[in-house]
Amino acid sequence: MKIEYLGHSCFKLTESTGTSVVCDPYSEEIGYAMPKTRADAITISHGHYDHNAVKNVNGNPVVINGENGYDLPGVEINSVKSFHDSVRGKNRGENIIFKFRMDGIDVCHLGDLGEQCSTELIDVILPVNVLLIPVGGTYTIDAEMAKEYVDRIMPDIVIPMHYRTKDCKLDIDKVDEFVNLFDEECVEEAEGGLLELSRKDLNGETRVIVLKRG
């Protein structure tokens, strides 16, 4: 499978036969434009402009924004309700976590997760091979809470998202706050924003991969 980072919290996941899903497409209001792309489906974690810009995805994709499961050719999609804040949604409402199974790999996109790490939530998320996790704080969990999620979930690969870059207008932290919590040998960068994976790339040891938007 392929994981392409399109910026902010947006990824394009492509299964080996070509079925593709775009997660949380964003509006240029965040400070930069999302690259145009096509997909068979779009998942929306919640209804904010930096996560629900479906117009930026071509191909007449189906839009999935609820708790129901959904199957595409070669792709199984499931979702879990969570909260966008630490007070059970009183401030920012609910957030949908999406899980994808592609080519035998379990990928979890946490959306704008804002709630504290709990055994109950971890139990419904597992198993996870690839974890796409917000790290910027302010509107989501921050770096330290993200690290706690990583330690509890123990994925093979962690890809941070929802952090401040030079063009981003949002008041969130840079990715350095998160990666500095890991040993240097566990962190790598992938230029071009593209990662290709198969089951043989998963060895049970957690790696943090920062995808640089192409």
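S.K.: Is there a simple way to explain the pairing of strand 12 (residues 130-134) in this structure?
M.R.: A regular strand carries its side chains on alternate faces of the sheet. The buried fraction of strand 12 amounts to five of the five residues, a majority that puts the element mostly inside the structure. Of the two faces of strand 12, both are covered, the one formed by Val130, Leu132 and Pro134 as well as the one formed by Leu131 and Ile133. Bridge analysis of strand 11 (residues 105-109) against strand 12 gives three bridges, and the strand direction is parallel. Residue His109 lies in a different strand from strand 12, and its bridge partner there is Leu132. Inspection of the sheet shows strand 12 paired to strand 13 (residues 157-161) by five bridges, in the parallel sense. Counted as the bridge partner of Ile133 is Pro160 from strand 13.

S.K.: Before we go on, may I ask you to explain the side chain of His162 in this structure?
M.R.: Tracing the backbone shows His162 in the loop between strand 13 and helix 3 (176-179). Residue class for His162 comes out buried when judged on its relative accessible area of 0%. Of note is the side chain of His162, whose polar atom sits 3.2 Å from the side chain of Asp112. Other than its neighbours up to four places away in sequence, His162 contacts Tyr5, His8, Ser9, Asp50, His51, Asp112, Pro134, Val135, Gly136, Tyr139, Thr140 and Ile172.

S.K.: I keep staring at the nonpolar core and nothing clicks. Help me out?
M.R.: Nonpolar side chains in soluble globular proteins tend to be buried together. Counting 57 residues, the largest nonpolar core has Ile3, Ile133, Tyr149 and Phe178 as the members making the most contacts within it. Of all the elements, helix 2 (residues 143-153) adds the most residues to this core, at six residues. Excluding residues within four positions of it along the chain, Ile133 makes contact with Leu110, Ile141, Ala146, Tyr149, Val150, Val158, Ile159, Pro160, Met161 and Phe178.

About the thresholds
- Residues numbered from 1 in each chain as written.
- Predicted model: local features only at pLDDT ≥ 70, side-chain atom pairs only at ≥ 80, totals over all residues.
- Heavy atoms only, no water.
- Buried < 20%, exposed > 50% of the residue type's maximum accessible area, 1.4 Å probe, protein only.
- Helix = DSSP H or I, 4+ residues; strand = E, 2+ residues; numbered from the N terminus.
- Pairing = 2+ DSSP bridges.
- Polar contact = N/O pair within 3.5 Å; in protein donor to acceptor, adjacent residues only side chain to side chain.
- Contact = heavy atoms within 4.5 Å.
- Core = buried A, V, L, I, M, F, W, Y, C linked by side-chain atoms within 4.5 Å.

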